[in-house]
Number of protein chains: 2
Amino acid sequence: MSNSISVNGRDFLLPTIPTVGICLDGTSWEYLAAAADHMPNLQRMIRQGAAGTAHSVVPSFTNPNNMAIATGVPPVMNGICGNYYYDPESGEEVMMNDPSFLTTGTLFAAMAEAGQELGVITVKDKLRRLLGHGMKGICFSGEKADQATREENGIDRVTTELIGRAQPGIYDPELSVYCFEAAVKLQQAHPRNLLYVTTTDFVQHKYKPEAPEAIAFLAALDRHLGELDALGMVIGITADHGMNDKVRKDGSPKVVFAETLLAAAGIGSRVILPITDPYVVHHGSLGSYGTVYLADLDQTDDARMLLEAAPGIELVLSREEAAEAFDLPANRIGDLVVLSDQHTVIGRREDWHNLSVVEEGLRSHGGLHESEVPLIINRPLKPGYALRLASGQARNYDLFDFLLNGLAS
Amino acid sequence: MSNSISVNGRDFLLPTIPTVGICLDGTSWEYLAAAADHMPNLQRMIRQGAAGTAHSVVPSFTNPNNMAIATGVPPVMNGICGNYYYDPESGEEVMMNDPSFLTTGTLFAAMAEAGQELGVITVKDKLRRLLGHGMKGICFSGEKADQATREENGIDRVTTELIGRAQPGIYDPELSVYCFEAAVKLQQAHPRNLLYVTTTDFVQHKYKPEAPEAIAFLAALDRHLGELDALGMVIGITADHGMNDKVRKDGSPKVVFAETLLAAAGIGSRVILPITDPYVVHHGSLGSYGTVYLADLDQTDDARMLLEAAPGIELVLSREEAAEAFDLPANRIGDLVVLSDQHTVIGRREDWHNLSVVEEGLRSHGGLHESEVPLIINRPLKPGYALRLASGQARNYDLFDFLLNGLAS
């Protein structure tokens, strides 16, 4: 029997020690630094293992990064470049939550196929469906922990037996902590060879790194990290993206309403904001990445110049340039891709957004300034991997390459 | 007796274990990666200690970075922002090799004052004079190893007794290796509490990272690194800057001749290229940083726009903007500061440069694309330091802060 498998052109050794990959949604180094004194287990991992900064997928959104981690490859190969895309033929905005939009299989499915015991735990159920696609094993979300069945999730009685209490609500920071606790208890009750746990960034959207609420949240996660470590697991931690304030000096959201801007110059457009999801309380669908479909392609140059000149817009690329620069599927992005700066977000038009949800401040992501994320492994690395990490060449979607192929023996 | 000293506003613990700081001139991660298989000692340091990427001083030149490392502070505080500056009052271009241009003391001088045994070894003698300024202890250059005296250098008979052979020539890559060998032999014969060794980048100017000559050079340094490690020393390695090809597709140097460009628009200027030094064979005085003194300040806006529009120019800043952005002394930079891109250098006018020395290619530095450098420590770090390094917040001139204050106990 081979001791490795090939997935999407990359080879992965089968785990010899139970291994857990963790995606801390929206958790930049700033958060880990601010909470450092309250994360003794993470500090020990950094000291005893290896830590560095990795590049995320751009757009720096949750689903593209989680799916890149799960498949080991970027959106151009796996198809997932946001929560939404626009189908010009049907004229419809299509939600990419359905696994049918995945254009490759996942490492998880392939590992299960190779006889490994897999576990995947998410906060939101929409992401569970994508991550668990085609995978035999245990895969459930905190959001619907009480509805897990053997048929659908590979496990039942999660709340009543495994964890012993009902899950918190979807907007309760405790739900991410609950998922970490579930990972520990799953590993104790039904040991997995390979486990993936991904949190949600409700806390980071709401609180700055130095806020007591953010520190308390990470301190709670750290306690469970310590438990996973004590079980002898190989642990790797990364993030899908960082998070920045997106406000003016007076605290009001700093938004470039792109459809409005273009319409004022007589340019018809549909702006797709792929951060949009049913959980709008986080961000009001406002992030630092948008993609523009133009009514008239003859106006492309004018549109580009107008957008480039707008204060807060950092980069405007053609479809081809963006596909090339960020490894995106050209058929799922617009005629232009627009990125805003560290403190600006992109909107459609004012009346399309429910701005009341961001009245008290807006922290969001999606652009280049949220695309540098931590990568931390609790074991020393092989020379080549140590060097890739130290020299800033690692991607967050190399997580399982590092965990399975990269450990010093 | 206190166990720490304060230098330029920063506190440093006295070394409790013999400690060596090393600056590998012009050695980016690309060089260390290409030579990885031939640097087993460096690989062990990375694996057992900590490694990451640090920011250099900009301009990414040798002297500003060495002096920042030696003083622990940037050019705005230590005064050294290049090899040359222009004194508008006297109308003279002034070479900043003389220690009188240093506006602060060094960590080395302060450590010696506190009773520590110091050692500083450089390749070029011009840098030896700056680094050793005001310092009691042993300080000599490879270039003038045979001329070292007890009075001037704190040691004599370097070639005849300490090393047992004459030094190679200034353009021989072996001279840097010779300095590493000298460090090992010095430590064996006259143990130092604190040692600083800095090489020269002749090899990196001439050879790409994957060239056999570059790999052989680094392999030779690595053998001596292993000897320093075997002596039980705390070792920290960084670089002053990286190195990039600065050529067109046909291999010819890609130069923006700034004085010529401005003169064509009727703008009189003097462009100072602070990379200029007596060792022009390296680079023909062509780097990616220049600073412009204008004959008529009313033409500042025009000059700025012209330079910004020149292909290959990446950034043009006013004196005030540059001083602020790069912590430079405003009185030693021009009216404008100009940075060129990864593959472009800045010249004055064609006839000023001896372009024959770069006919066969040009690799150089000075700009933003050479300002990310390795930082490697052969011991585990305290949590806060590990986090600073992993999160990309370290500066190369934090080297001795990491070595003296940052080690895990």
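Owing to the predicted nature of the structure, the values given are computational and were not obtained by experimental measurement.

The helix and strand inventory of chain A stands at 16 helices and 19 strands. The C-alpha radius of gyration computed for chain A amounts to 21 Å, which stays within 12% of the reference 22 Å derived for 409 residues, consistent with globular compactness. On the principal axes, the C-alpha backbone points of chain A span a range of 60 × 45 × 45 Å. Burial statistics for chain A: of 409 residues in total, 62% are counted as buried. Put simply, 73% of the contacts in chain A that link residues at least 6 apart link residues at least 24 apart. Per element, the accessible surface of chain A, about 14900 Å² overall, is 49% carbon and sulfur. Computed over 32 positive and 52 negative side-chain charges, the inter-centroid distance for chain A is 6 Å.

Another point: the layout of surface pockets. Put simply, the largest pocket is a space of about 580 Å³. Lining of the largest pocket is provided by 30 residues; of these, W29, E30, T53 and E372 of chain A together with S391 of chain B occupy positions nearest its centre. Of all elements in the fold, only α1 (29–34), β4 (50–55) and α15 (383–390) of chain A together with β4 (50–55) and α15 (383–390) of chain B reach the threshold of two or more residues within the lining of the largest pocket. Looking at the lining of the largest pocket, its residues break down into nine nonpolar, 16 polar and five charged.

Two packed helices can be described by the angle between their axes and the distance between those axes. Residues and elements named next belong to chain A. Their axes nearest at 9 Å, the elements helix α9 (residues 174–189) and helix α11 (residues 212–230) cross at an angle of 5 degrees. The angle between α9 and α11 falls in the class roughly parallel. Each of S176, V177, F180, E181, A183 and V184 in α9 lies in contact with α11, whose residues at this interface are F217, A220, L221, H224, L225, E227 and L228. In terms of residue class, the contact of α9 with α11 is built from nine nonpolar, two polar and two charged.

Now for the sheet that holds strand β7 (residues 118–122) of chain A. Whether parallel or antiparallel, the strands of a sheet pair through hydrogen bonds between backbone atoms. Residue and element names in this part refer to chain A. Across the sheet, seven strands lie side by side as β4-β19-β10-β3-β9-β7-β8; this open sheet has mixed pairing. The sheet terminates laterally at β4 and β8 (138–141), the two strands that pair on one side only. The sheet shows a mean angle of 15 degrees between the axes of neighbouring strands, taken without regard to direction. Where β7 and strand β9 (residues 194–198) come together, five bridges link them in parallel fashion. Within the sheet, the bridge partner assigned to L118 lies in β9 and is L194. The strands touched by α9 within the sheet are β3 (19–23), β7, β8 and β9, with β9 carrying the most contacts at an inclination of about 165 degrees.

Rotating chain B by 180 degrees about the axis while translating it 0.0 Å along that axis superimposes it on chain A, leaving an RMSD of 0.0 Å. Here the transformation between the copies is reduced to the relation of a two-fold axis. Ranked by how close their C-alpha atoms come to the rotation axis, the residues of chain B are headed by G52 of chain B, at 3.4 Å. Most of the interface of chain B is mirrored in chain A: 100% of its interface residues are interface residues there too.

With that settled, the discussion passes to empty space enclosed by the protein. Within the structure shown, the criterion is met by five cavities of 30 Å³ or more. Reported here for the largest cavity is a volume of approximately 250 Å³. Considering the residues around the largest cavity, the lining is formed by 20 residues, among which G49, A50 and A51 of chain A together with A50 and A51 of chain B are closest to the centre. Taken together, the elements giving at least two residues each to the lining of the largest cavity come down to α2 (40–48), β4 and α15 of chain A together with α2 (40–48), β4 and α15 of chain B. A per-class count over the lining of the largest cavity returns 16 nonpolar, two polar and two charged.

What follows deals with the sheet that holds strand β16 (residues 336–340) of chain A. Residues and elements named next belong to chain A. An order of β13-β14-β16-β15 is seen for the four strands of this open sheet, with the pairing classed as antiparallel. At either end of the open sheet lies a strand with only one pairing partner, and these are β13 (269–272) and β15 (313–318). With direction set aside, neighbouring strand axes in the sheet form an average angle of 25 degrees. Of the strand pairs in this sheet, β15 and β16 are connected by five bridges, and their pairing is antiparallel. Of the residues in β16, the one forming a bridge with I313 is S340. In the packing of helix α13 (residues 300–309) onto the sheet, the strands contacted are β14 (289–294), β15 and β16, and the crossing angle to β15 comes to about 160 degrees. Contacts between helix α14 (residues 319–326) and the sheet are confined to β14, β15 and β16, with β15 contributing the most and set at about 105 degrees to the helix.

Chain B puts 19 residues into the contact, and the matching count from chain A is 19 residues. Carbon and sulfur atoms make up 72% of the surface buried where chain B meets chain A, a total of about 1400 Å² over both sides. Considering only the side of chain B, the residues that lose the most area to chain A are R47, L387 and A390 of chain B, jointly responsible for 38% of the buried surface there. For the interface between chain B and chain A, the tally reads zero salt bridges. When residues of the side of chain B that touches chain A are traced back to their parent elements, those giving at least two are α1 (29–34), α2, β4 and α15 of chain B. Split by residue class, the side of chain B that touches chain A holds 13 nonpolar, five polar and one charged.

Quick look at the pairing of β8 of chain A now. All names here are of chain A. A two-sided burial pattern is seen for β8, the buried positions comprising I138 and F140 on one face and C139 and S141 on the other. The sheet contact formed by β7 and β8 spans four bridges and is parallel. Bridge pairing in β8 links V120 to C139. With respect to chirality, the unit in which β7 leads through helix α6 (residues 125–131) into the neighbouring parallel β8 is right-handed.

Residues and elements named next belong to chain A. Going through the model one piece at a time under the given rule, you end up with 16 aromatic pairs over all chains. In textbook terms, an aromatic cluster arises when at least three aromatic residues are bridged by ring pairs, as seen for F108, Y196 and F400. Just above the ring of W352 sits the side chain of R348; from NZ or CZ to the centre is 4.8 Å.

Our focus in this paragraph is the side chain of E181 of chain B. With respect to the helices and strands, the residue E181 of chain B is situated in helix α9 (residues 174–189). Among all residues touching E181 of chain B, those that are not within four sequence positions of it are I163, R165 and H224 of chain B.

Scoring rules and cut-offs
- Residues numbered from 1 in each chain as written.
- Chains lettered and ligands numbered in written order.
- Predicted model: local features only at pLDDT ≥ 70, side-chain atom pairs only at ≥ 80, totals over all residues.
- Heavy atoms only, no water.
- Helix = DSSP H or I, 4+ residues; strand = E, 2+ residues; numbered from the N terminus.
- Rg over C-alpha atoms; globule rule 2.2 N^0.38 Å.
- Buried < 20%, exposed > 50% of the residue type's maximum accessible area, 1.4 Å probe, protein only.
- Contact = heavy atoms within 4.5 Å.
- Areas by Shrake-Rupley, 256 points an atom, 1.4 Å probe, with all protein chains shown as cover.
- Lys, Arg positive; Asp, Glu negative; His and termini not counted.
- Charge placed at Lys NZ, Arg CZ, Asp CG, Glu CD.
- 1 Å grid on protein atoms, 1.4 Å probe; cavity = no way out; pocket = protein on both sides within 12 Å on 5 of 7 lines; lining within 4 Å.
- Points joined across faces, edges and corners; volume = space filled by probe spheres on them.
- Nonpolar A, V, L, I, M, F, W, Y, C, P; charged D, E, K, R; others polar.
- Axes fitted to C-alpha atoms, helices over the stretch in contact; angles between N-to-C directions.
- Parallel < 35°, antiparallel > 145°, perpendicular 65-115°, else oblique.
- Pairing = 2+ DSSP bridges.
- Least-squares fit on C-alpha atoms with pLDDT ≥ 70 in both.
- Buried area = accessible area lost by both parts, 1.4 Å probe.
- Salt bridge = Lys/Arg side-chain N within 4 Å of Asp/Glu carboxyl O.
- Right-handed = clockwise from strand over helix to strand, strands pointing away.
- Phe/Tyr/Trp six-rings, centres within 6.5 Å; stacked < 30°, edge-to-face > 60°.
- Lys NZ or Arg CZ within 6 Å of the ring centre and 35° of its normal.

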